[in-house]
Amino acid sequence: MKKDIKPYRVLIVEDHPGDFALAEDFLFEQILNPVIVQAVSFKQASELLLTTDTPFDVILLDLSLPDKNGNELITSMLKLASSCPIIILTGYTDVDFSVKSIGQGILDYLLKDELNPSLLYKSIIYSIEIKKHILELKESDHKVTKAIIKAQEDERQEISSE
């Protein structure tokens, strides 16, 4: 099998050494030279995200960390890394929670027990592309909004000068 040659920068936020090693192995099976950084807590992840010079391409996030978990963790990570795609890797099988997470801005919700190299790789590629398009749409929307506001201001000035 041909490996992807792009040097993806991946932040894996995972406190369990076995789960981290498995995700790392899966990444190396699909990607030639991934740059993988581990954070074992929310605090460590936030420090990495705030201080790194090179942004991450994707974040793989466990839902159960020593210092934060569940919805609180998701909300905090989405605020902290708003321009980076986040994929949840968890053993938590609650479908309603997974749907809610996606609705909040998480790009994928993968169960650790069902994970394999191909699934993880596809999720990463899709999530990166989806996030890129979301950011482009937001930028376009921002430009359109600015143009509308300027046009309205110009119209008001024209009306008031008559």
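No experiment lies behind these values; they were computed from the predicted model shown.

A. Structural context of the overall build of the protein chain. The helix and strand inventory of the protein chain stands at five helices and five strands. Against the 2.2 N^0.38 benchmark of 15 Å for 162 residues, the protein chain shows a C-alpha radius of gyration of 20 Å, more extended than a compact globule. Taking the principal axes of the C-alpha coordinates as reference, the protein chain spans close to 75 × 35 × 30 Å. Burial statistics for the protein chain: of 162 residues in total, 38% are counted as buried. Counting contacts in the protein chain only where the partners sit at least 6 residues apart, residues at least 24 apart contribute 69% of the total. In the structure as shown, the protein chain presents an accessible area of about 9700 Å², 55% of it carried by carbon and sulfur atoms.

B. Highlighting the nonpolar core. The biggest cluster of nonpolar side chains holds 22 residues, and the ones touching the most others in it are Leu11, Val13, Ile59, Leu61, Met77 and Ile86. For this core, the secondary structure elements donating two or more residues are β1 (9–13), α2 (42–51), β3 (58–61), α3 (70–80) and β4 (86–90). Per-element accounting of this core gives the leading share, four residues, to α3. Not counting residues up to four positions away in its chain, the partners in contact with Val13 are Ala39, Ser41, Ala45, Ile59, Leu60, Leu61, Asp62, Leu65 and Met77. Counting 18 residues, the second largest nonpolar core, distinct from the first, contains Ile36, Leu60, Leu89 and Ile128.

C. Spatial organisation of the packing of aromatic side chains. Applying the stated criterion to the full structure yields two aromatic pairs. Taking the centre distance of 6.4 Å and the plane angle of 65 degrees together, the rings of Phe97 and Tyr109 count as edge-to-face. Taken together, the positions of Phe97 in helix α4 (residues 95–104) and Tyr109 in strand β5 (residues 108–111) put the pair 12 residues apart, joining distant regions of the chain. A relative accessible area of 14% places Phe97 in the buried class.

D. Main features of the pairing of β1. Most of β1 is tucked away, with five of its five residues classed as buried. What you see with β1 is no split at all: Arg9, Leu11 and Val13 on one side and Val10 and Ile12 on the other are buried throughout. Examined bridge by bridge, β1 and strand β2 (residues 35–39) share five bridges and lie parallel to one another. Each bridged residue has a counterpart across the sheet, and for Leu11 the counterpart in β2 is Val37. Of the crossover connections in this fold, the one passing from β1 over helix α1 (residues 17–30) to the parallel β2 is right-handed. Of the pairings in the sheet, the one linking β1 to β3 comprises four bridges and is parallel in character. Among the inter-strand pairings, Val10 is bridged to a residue of β3, identified as Val58.

E. Geometry of the packing of α3 against α4. Running from amino to carboxyl end, α3 crosses α4 at an angle of 15 degrees, the nearest separation of the two axes being 11 Å. Between α3 and α4, the interaxial angle falls into the category roughly parallel. As for how α3 packs across α4, the hand of that crossing is right-handed. Facing Gly70, Asn71, Ile74, Thr75 and Leu78 of α3, the residues of α4 in contact are Phe97, Lys100, Ser101 and Gln104. A class-by-class count of the residues in the contact of α3 with α4 yields three nonpolar, five polar and one charged.

Cut-offs used in this document
- Residues numbered from 1 in each chain as written.
- Predicted model: local features only at pLDDT ≥ 70, side-chain atom pairs only at ≥ 80, totals over all residues.
- Heavy atoms only, no water.
- Helix = DSSP H or I, 4+ residues; strand = E, 2+ residues; numbered from the N terminus.
- Rg over C-alpha atoms; globule rule 2.2 N^0.38 Å.
- Buried < 20%, exposed > 50% of the residue type's maximum accessible area, 1.4 Å probe, protein only.
- Contact = heavy atoms within 4.5 Å.
- Areas by Shrake-Rupley, 256 points an atom, 1.4 Å probe, with all protein chains shown as cover.
- Core = buried A, V, L, I, M, F, W, Y, C linked by side-chain atoms within 4.5 Å.
- Phe/Tyr/Trp six-rings, centres within 6.5 Å; stacked < 30°, edge-to-face > 60°.
- Pairing = 2+ DSSP bridges.
- Right-handed = clockwise from strand over helix to strand, strands pointing away.
- Axes fitted to C-alpha atoms, helices over the stretch in contact; angles between N-to-C directions.
- Parallel < 35°, antiparallel > 145°, perpendicular 65-115°, else oblique.
- Left-handed = near helix turned anticlockwise from the far one by under 90°.
- Nonpolar A, V, L, I, M, F, W, Y, C, P; charged D, E, K, R; others polar.

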